[in-house]
Amino acid sequence: MKAVILAAGRSERLKPFTETRAKPMIRVAGQPMLEYSLRGLAAAGVTDVLIVVHHKGETISSHFEHGARFGLSIEYIRQDPLDGIGAAVRRCEKQLGGDPFLLVYGDVLATGNPFKNVLGQYTETGGAVAALSLPTSSAEFGNVYVDHDMRITRLVEKPTNPQVSNYVFAGFYCLPASFLGLLAEVRNDMVQAFQRLVQQGALYGSLWDGGWIDITRPWQILDANRLVMEAWERAEIHTSVKLEGNAHIEGAVHIEENVRIGAGSILKGPCYIGRDSYIGNNTLIREFTALGPESIVGYGTELKNCVLLGRSILGRLSYIGDSVIGERVHLGTGVTTVNHFDDGRLVPFESEEGVLSSGHAKLGAFIGDDVVIGARNVLAPGTRVRAGTRVEDLISVRTIL
Amino acid sequence: MCGISAVTSRSDAVQMLFESIKSLEYRGYDSCGVAMVSGGEIAVRKNVGGVDEVNAREHLTHMTGTTGVAHTRWATHGGVTQANAHPHSTTDGSFSLVHNGIINNYGELKEELTAKGVRFLSETDTEVIVHLIGMAYAEFGDVEAAFIAALRRLEGTYGLVMVTRHAPDTVYGARQGSPLVLGLSERGNFVASDVNAFLPFTRDALVLEDGEYAVVTPTSHRIARLADRQPVTRKPLRIQWDAETSRKGGYSHYMLKEVFDQPQTVQNALNVPQAHVERLADSIRASHQTYLMGVGTTHYVALTGQYLFSKLAGRYCPAVSSDEFRELAMVGPGDLVVAISQSGETYDTLRSTQFAKEKGAETACIVNVMGSSLSLSAGQVILQASGPEICVVSTKAALAQMIILHRVALALGLKTGRLERATHDAHYAALKGFPAQVQTALNEQSGFVRNLAERTVHFKNWLLLGCGIYQAIAQEASLKLKEVTYLHSEGIPAGFLKHGTLAMVDERLGCLFFVPPRADASLHDDTLNAMQIVKARGGPVIGWYFEGDTGAAKLVDDGLRLPQVPAPVAPYLELILAQLFSYFTALKLGRAIDKPRNLAKSVTVP
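Criteria and cut-off values
- Residues numbered from 1 in each chain as written.
- Chains lettered and ligands numbered in written order.
- Predicted model: local features only at pLDDT ≥ 70, side-chain atom pairs only at ≥ 80, totals over all residues.
- Helix = DSSP H or I, 4+ residues; strand = E, 2+ residues; numbered from the N terminus.
- Buried ≥ 20, exposed ≤ 12 C-beta atoms within 10 Å, placed from the backbone.
- Contact = placed C-beta atoms within 7 Å.
- Pairing = 2+ DSSP bridges.
- Axes fitted to C-alpha atoms, helices over the stretch in contact; angles between N-to-C directions.
- Domains from an automatic or database assignment.
- Nonpolar A, V, L, I, M, F, W, Y, C, P; charged D, E, K, R; others polar.
- Core = buried A, V, L, I, M, F, W, Y, C linked by C-beta atoms within 7 Å.
- Left-handed = near helix turned anticlockwise from the far one by under 90°.
- pLDDT = per-residue confidence, 0-100.
- Parallel < 35°, antiparallel > 145°, perpendicular 65-115°, else oblique.

Overview of the overall build of chain B
Thinking step 1. Of regular secondary structure, chain B possesses 19 helices and 25 strands.
Thinking step 2. C-alpha extents for chain B along the principal axes are approximately 80 × 55 × 45 Å.
Thinking step 3. A burial count over chain B gives 57% of its 606 residues as buried.
Thinking step 4. Expressed as a percentage of contacts within chain B between residues at least 6 apart in sequence, the contacts between residues at least 24 apart total 70%.

Regarding the sheet that holds strand β24 (residues 541-546) of chain B
Residues and elements named next belong to chain B.
Thinking step 1. The 5 strands are arranged β22-β21-β23-β24-β25 in an open sheet whose pairing can be described as parallel. A strand with exactly one partner marks an edge of an open sheet, and here the two such strands are β22 (488-493) and β25 (558-562). Across this sheet, the average inter-strand angle for adjacent strands is 15 degrees, counted without regard to direction.
Thinking step 2. In the sheet, strand β21 (residues 461-466) pairs with strand β23 (residues 509-514) via 5 bridges, with the strands oriented parallel.

Overview of the domain arrangement of chain A
As a measure of interface size, the accessible area lost when the parts come together is often cited.
Residues and elements named next belong to chain A.
Thinking step 1. With domains assigned, chain A is organised as domain 1 (2-216) and domain 2 (229-391).
Thinking step 2. One C-alpha centre belongs to domain 1, the other to domain 2; they are set 31 Å apart.
Thinking step 3. At the interface, 12 residues of domain 1 touch 21 residues of domain 2.

A word on the pairing of strand β11 (residues 168-175) of chain A
Look at any regular strand and the pattern is simple: side chains alternate between the two faces of the sheet.
Residues and elements named next belong to chain A.
Thinking step 1. Here β11 lies mainly inside the structure; 8 of its 8 residues are buried.
Thinking step 2. Where strand β6 (residues 101-105) and β11 come together, 4 bridges link them in antiparallel fashion. Looking across to β11, one finds that Leu-102 is bridged to Cys-174.
Thinking step 3. In the sheet, strand β8 (residues 128-133) pairs with β11 via 4 bridges, with the strands oriented antiparallel. Bridge pairing links Leu-132 to Phe-169 in β11.

Quick notes on the environment of B:Asn443
Thinking step 1. When you line up the elements, B:Asn443 lands in helix α15 (residues 421-455).
Thinking step 2. On the basis of neighbour counts, which here come to 21 C-beta atoms within 10 Å, the residue B:Asn443 falls in the buried class.
Thinking step 3. Measuring from C-alpha to C-alpha, the distance between B:Asn443 and B:Phe325 comes to 40 Å, with 118 residues separating the pair along the chain.
Thinking step 4. Setting aside anything within four residues of it in sequence, one finds B:Asn443 in contact with A:Tyr145, A:Val146 and A:Asn166.

Digging into the interface of chain B and chain A
Thinking step 1. The interface is formed by 36 residues belonging to chain B together with 35 residues belonging to chain A.
Thinking step 2. Secondary structure elements with two or more residues in the side of chain B that touches chain A: β11 (204-207), β15 (237-238), α6 (243-247), α8 (262-271) and α15 of chain B.
Thinking step 3. Taken together, the residues that form the side of chain B that touches chain A break down as 13 nonpolar, 13 polar and 10 charged.

Remarks on the sheet that holds strand β37 (residues 384-385) of chain A
The strands that make up a sheet pair up through hydrogen bonds in the backbone, lying either parallel or antiparallel.
Residue and element names in this part refer to chain A.
Thinking step 1. Taken in spatial order, the 8 strands of this open sheet run β14-β17-β20-β23-β26-β29-β34-β37, and their pairing is parallel. For this open sheet the edge positions go to β14 (236-237) and β37, each flanked by a neighbour on one side alone.
Thinking step 2. Looking at chain direction, strand β29 (residues 324-325) and strand β34 (residues 366-367) are connected through 2 bridges and run parallel. Within β34, the position partnered with Ile-325 by the bridge is Ile-367.

Points about the domain arrangement of chain B
Residue and element names in this part refer to chain B.
Thinking step 1. With domains assigned, chain B is organised as domain 1 (3-247), domain 2 (249-419) and domain 3 (443-606).
Thinking step 2. A separation of 36 Å is found between the C-alpha centroids of domain 1 and domain 2.
Thinking step 3. Each residue belonging to the side of domain 1 that touches domain 2 can be placed in one class, and the counts come to 5 nonpolar, 1 polar and 1 charged.

Description of the nonpolar core
Thinking step 1. Ranked by internal contacts, the top residues of the largest apolar core, which has 323 residues, are A:Val52, A:Leu102, A:Tyr173, B:Ile133 and B:Val161.
Thinking step 2. Setting aside chain neighbours within four positions, we find A:Leu102 in contact with A:Met1, A:Ala3, A:Leu41, A:Val46, A:Phe115, A:Val118, A:Tyr173 and A:Cys174.

Thoughts on the packing of α15(B) against helix α19 (residues 570-589) of chain B
Residue and element names in this part refer to chain B.
Thinking step 1. Their axes nearest at 9 Å, the elements α15 and α19 cross at an angle of 35 degrees. Seen along the crossing, α15 lies across α19 with a hand that is right-handed. Counting all contacts with α15, which are made through Phe-434, Gln-437, Val-438, Ala-441, Gln-445, Ser-446, Val-449, Arg-450, Leu-452, Ala-453 and Glu-454, the residues of α19 involved are Tyr-572, Leu-573, Ile-576, Leu-577, Leu-580, Phe-581, Phe-584, Thr-585 and Lys-588.
Thinking step 2. Here the residues of the contact of α15 with α19 sort into 13 nonpolar, 4 polar and 3 charged.

Remarks on the confidence of the model for chain B
Thinking step 1. Per-residue pLDDT for chain B averages 93, and the proportion of residues at 70 or more is 98%.
Thinking step 2. Interface confidence for the predicted complex, given as ipTM, is 0.82, next to a pTM of 0.85.

Description of unusual backbone geometry
All names here are of chain A.
Thinking step 1. Look at the link from Lys-15 to Pro-16: it is a cis peptide, with omega at 10 degrees.
Thinking step 2. With respect to the helices and strands, the residue Pro-16 is situated in the loop between β1 (2-7) and β2 (27-28).
Thinking step 3. At Met-150, a residue that is not glycine, the phi angle is positive and equals roughly 65 degrees.
Thinking step 4. Checked against the element boundaries, Met-150 lands in the loop between β9 (143-146) and β10 (152-156).
Thinking step 5. Residues other than glycine seldom take positive phi values, yet Asn-188 does so here, at roughly 65 degrees.
Thinking step 6. By the secondary structure assignment, Asn-188 is in the loop between α6 (178-185) and α7 (190-199).
Thinking step 7. When the 17 C-beta atoms within 10 Å are taken as the criterion, Asn-188 is described as partly exposed.

Structural notes on the packing of helix α10 (residues 297-313) of chain B against helix α16 (residues 469-485) of chain B
All names here are of chain B.
Thinking step 1. The interhelical angle for the contact between α10 and α16, taken along N-to-C directions, is 170 degrees, at an axis separation of 8 Å. Here α10 is positioned roughly antiparallel relative to α16, judged by the angle of their axes. Between α10, through Thr-297, Tyr-300, Leu-303, Thr-304 and Tyr-307, and α16, the contact on the second element is made entirely by Ile-469, Ala-472, Ile-473, Gln-475, Glu-476 and Leu-479.
Thinking step 2. Here the contact of α10 with α16 is built from residues that sort into 7 nonpolar, 3 polar and 1 charged.

Right, here's the structure in full:
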């Protein structure tokens, strides 16, 4: 069976990180989001994958190439112009060759393998199957109603009633080839296509009660990171890792090849250190920290519940908490991300749509790729910094002749 | 729900077919049968009972042949008898088939065929199908053409497989609304209800879609559309997941599946013939003393019944647990014991029913499994028709039993004159509307229940409280919680609190209240009083209450606000939410759920 992965969107709500990459390339617990789905698909017996790309598609193809590493054969289909999800699916018609296929939303992360459940339900029903999950909030996804056979009897698109908390589409489907024809009939409107299936009684659900998150806002990167890491039960340390004297490791710590950890450093798992990283002396790396490849962390720095996408330098004596840092970022000495208010109120987040509530009382900074933050800067809770920004060092003394 | 399987192979296929039907036994196990094509003839052996039982009696594994079909049945049309068991064949034995599903127009088709001289041996809708095929063959002389012509006349659902001596190495299958999958292997090709039938032999599956049929030989397979005979090309799927995943039909656990079955279960309990309900009511009325007897969950079902009989019919019918029955109950001629058991094989219940009979009392039972020991032993039987309950923990069966007792209490109330017609009718209206409300509640409340379970998962000890019939519900809910989460839990009447239990209450004890609707004024107010008492002592007050109950809303620290339902069915809605709550708590705690430690589905030993 083939799989189609939707990865073309601009995902503007995830700026600054999507300014320079496709959303599915954001790393969560050390791995690009998309990799979780690809591994799951391979484990479920899928061999051919079509990834629909547009925005920063090269960030995806340069990393995954043709998928040989995962036992997959990946083909990239460029969606130009960006004319919606339905059109994206239909662009795959030729390659799908009239067979049923798995449809995967590239921005959903599931811990565990939902594809096996979906395929299992497909063998039972012979028809269209949608994975269903219980979210913490349903407003974005639409409410699904099922009967005892898991047949979907109703789909409420934009529920406004806060009194209901239904199962929602989790973003994984198994669809028959006829779905493409159905899409054509409804002018590529995915919701209408699903409504048609529901009316015909031809859409079934498959419950997914493993971990699941749809990453739409920057702080959800941290939520997803935590979700994945919470399930880690063991430490995994590559044999090439060098721990210098008195380095202390505790909990589910995952360290990739060629990492060097300086003396006196403490790593409290679950946490992840990507390949070829250097951790300076006496650093404290606490729970739910994920450092991407080639990260450099200066002496005496503390990191907690943060995601670094890789190739960044954190200056000595910094504090990075509840933050997401892009690639090739340079933080000078003593940079601090303040992550809460004294009165404990929820941290607001400024976006193009106005000020949003993050729902978190602890939230640090969201720094895009190629940013330079000079020495001793202090970032307010919920700060968002556009890619490529340069902030000067906080100088307090200049030449006194 | 039935299990069907077919094998066609180049070598002897009986063993493969037997193993494959055994793997499908969870789909139905009241009767079983096999048809093998051998030496140009079709041999059929079938009987009542599970696969192993039927094999012991009919020696299924001694049959021979390279092509055959097999079936395990959960009866829907027609009782559980040897004649009704599948496979069904044409009179000359040239076609034999097995079927899963329901043919809605079988009545008219049967009349038509009878008028043409066909003699039917069973009460099933399935038998009609095979005779249609036989008649069509007489007309067309071609098996595939006959098969298609016959199927086009059917209205309803079917997943079926057929063999015929006119094509001794071929299996014909068709799918409309009931599952059917092909399994392809070198050793032989399978056509079956689900992949569990052939996973031990092959992982290559070809799924049929509705409206398609398949023609399968040991070396070839062909799929086409029934409507226009257009061939369908489809690549096989490689099954990379385990058998367990497939059985639950999209649900992650049988328990959740069975909780979601409950709208159907309630409807089936309402469809139990009124005559059976009346008969039991008459027996209770005529008796000197009636006991309601069950053990474990069925004891709490009986306790619910005790409240219903008291309130609706003015009869005191104590619930006495089966295991203590012989110590407690005074039974003799003129008394009636109503035994309740899902499996009908519960040792304690069987023994106490036997004891009651020996003492000269009348016996009746409410059971789920047709042909079970209790159903054969008791004087009267009400079959609850809840479908197979696979999860060790009983959910839908318990609810169905409560609904049936509710109906009996209503019937009895009219007979004794204690119940006004208007109240009786209001109760029935509430019951009739209940399936739809359950369906909606299950869909709309799941997220809230899950979130509540996650917020309260830190409690290691629980106290579940209710007044009146809600006390029985609380006790059953407490048992559910114990069974699936392994946490310590106790269900008590809310009024008990001040008399000792209150000493336990502190911030570490989860106190869960089953709050009645405000329409049940005295029960409602008593429950709120108990909540106040707990709150005053720093105990966490968690509760389910109904929409509009501002008093309860103010008192609870956390809980669920339920949509309003009529008072007669309110206790059952709270029970269902409690089942979900136990489920989600157990899920969060990583418990096994379907097979809790230390427990067995049917306790057939003392």
